[in-house]
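Listed below are the residues making up each chain.
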Amino acid sequence: MTKRKITKSKIKKEKTDYKSKTDKHILKEIIRVDHAGEYGATRIYDGQIAVFGKNSKIGKIIQHMADQEQEHIETFEKLIIQHRVRPTALLPLWNIAGFALGATTALMGEKAAMACTVSVEKVIGDHYKQQASLLGNDQKKLKSTIKKFEKDELEHHDIGIAHDAKKTPGYNFLSKVISLGCKTAITVSKKI
Ligand SMILES: [Fe+2]
Ligand SMILES: [Fe+2]
């Protein structure tokens, strides 16, 4: 009977330990990919602002989102150092691809720029949501940071919707292409 009790409590303790500790490898992947994603996001908005100008009506709306992305990337730059994570080797690619995506959609018009925001922010917001469940009790601070950023990304998504993103001609196609591009970028940035 005693033996049985010990075994049960041991199992319970092991389960608690498992929950409280984040897998180191997963933690590094999370920081690497989020750093890459936030960097890409800053470059997308840079590209859009370069086309619209930051003093235009749409430019000011985009600047609000860009300011939040700046806060996000600065947070992950600190986390990269703190946790000694190697940044993705693909940053130079995301630098160019992000800016090009932002500038191209902006050149297609204000609605297309917002369609880009909706697609990108949806993928990033969902990705943050998934990550929160991978973090254990030893990473409470990071978990709350991720939850806060998830909220910001969903706000950006909603700003895009409110600015007629879905009225972009060919919205469904454009949205699918951008989402697929983002998901691919996430997959490769975790590893490379
Ligand atoms: Fe962000
Ligand atoms: Fe965002």
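For the structure given in this document, a descriptive report is provided here. What you see is a predicted model, and the numbers here were worked out from it, not measured in a lab. (Residues numbered from 1 in each chain as written. Chains lettered and ligands numbered in written order. Predicted model: local features only at pLDDT ≥ 70, side-chain atom pairs only at ≥ 80, totals over all residues. Heavy atoms only, no water.)

To continue, consider the overall build of the protein chain. Regarding its fold elements, the protein chain presents seven helices and zero strands. What you see in the protein chain, going N to C, is helices and strands ordered as α-α-α-α-α-α-α. Dimensions of the protein chain along its principal axes, counting C-alpha atoms only, are 75 × 30 × 25 Å. When burial is assessed residue by residue, the protein chain has 44% of its 192 residues classed as buried. Relative to all contacts within the protein chain whose residues are 6 or more apart in sequence, the contacts with residues 24 or more apart total 85%. Carbon and sulfur atoms form 60% of the exposed surface of the protein chain, whose accessible area is close to 11,300 Å². One way to put it: in the protein chain the 35 positive side-chain charges average out to a point 10 Å from where the 22 negative ones average out. (Helix = DSSP H or I, 4+ residues; strand = E, 2+ residues; numbered from the N terminus. Buried < 20%, exposed > 50% of the residue type's maximum accessible area, 1.4 Å probe, protein only. Contact = heavy atoms within 4.5 Å. Areas by Shrake-Rupley, 256 points an atom, 1.4 Å probe, with all protein chains shown as cover. Lys, Arg positive; Asp, Glu negative; His and termini not counted. Charge placed at Lys NZ, Arg CZ, Asp CG, Glu CD.)

Right, let's get into the environment of Lys141. Structurally, the position occupied by Lys141 is in helix H6 (residues 140-162). Residue Lys141 is classed as exposed on the basis of its relative accessible area, which comes to 70%. The sequence separation of Lys141 and Pro169 amounts to 28 residues, and the corresponding C-alpha distance is 42 Å.

Next up on the list: the packing of aromatic side chains. Tallied over the full model, the rule gives two aromatic pairs. When the centroid spacing of 6.0 Å and the interplanar angle of 65 degrees are considered together, the rings of Phe76 and Phe149 count as edge-to-face. Of this pair, Phe76 sits in helix H3 (residues 57-82) while Phe149 sits in helix H6; the two residues are 73 residues apart in sequence, bridging distant segments of the chain. Given a relative accessible area of 0%, Phe76 falls into the buried group. When its relative accessible area of 2% is taken as the criterion, Phe149 is described as buried. Grouped by ring-pair contacts, the aromatic residues Phe76, Tyr128 and Phe149 constitute a single cluster. (Phe/Tyr/Trp six-rings, centres within 6.5 Å; stacked < 30°, edge-to-face > 60°.)

This part is about the coordination of the iron ion (ligand 1). Note on the iron ion (ligand 1): its protein donors are Glu38 (OE), Glu38 (OE), Glu69 (OE), His72 (ND1) and Glu153 (OE). The metal-donor distances range over 2.0 to 2.6 Å. The sequence motif formed by the donor residues of the iron ion (ligand 1) is E-x30-E-x2-H-x80-E. Distance-wise, the iron ion (ligand 2) is placed 3.7 Å from the iron ion (ligand 1), both being coordinated by Glu69. Taken as a pair, His72 in helix H3 and Glu153 in helix H6 lie far apart in primary sequence, 81 residues in all. Accessibility assignment for this pair places His72 and Glu153 in one class, buried. (Donors = N, O, S within 2.8 Å, 3.2 Å for Na, K, Ca; no water.)

Time to look at the coordination of the iron ion (ligand 2). Around the iron ion (ligand 2), the donor atoms from the protein are Glu69 (OE), Glu121 (OE), Glu121 (OE), Glu153 (OE) and His156 (ND1), and they sit 1.9 to 2.4 Å away. Donor residues for the iron ion (ligand 2) sit on one chain with the sequence pattern E-x51-E-x31-E-x2-H.

Helix length check: helix H4 (residues 91-108) (18 residues) gives 25 Å between terminal C-alpha atoms against 26 Å at 1.5 Å per residue, within 8%. Every buried residue of H4 is accounted for by Trp94, Gly98, Gly102, Ala103, Thr105 and Ala106. End-on view of H4: buried residues confined to an arc of 170 degrees, all on one side of the axis. Every exposed residue of H4 that faces more than 90 degrees away from the buried side is listed here: Pro92, Ile96 and Leu107. Packed against the buried residues of H4 are helix H2 (24-52), helix H5 (110-132) and helix H7 (171-191). (Expected span 1.5 Å × (residues − 1). Arc of directions from axis to C-beta.)

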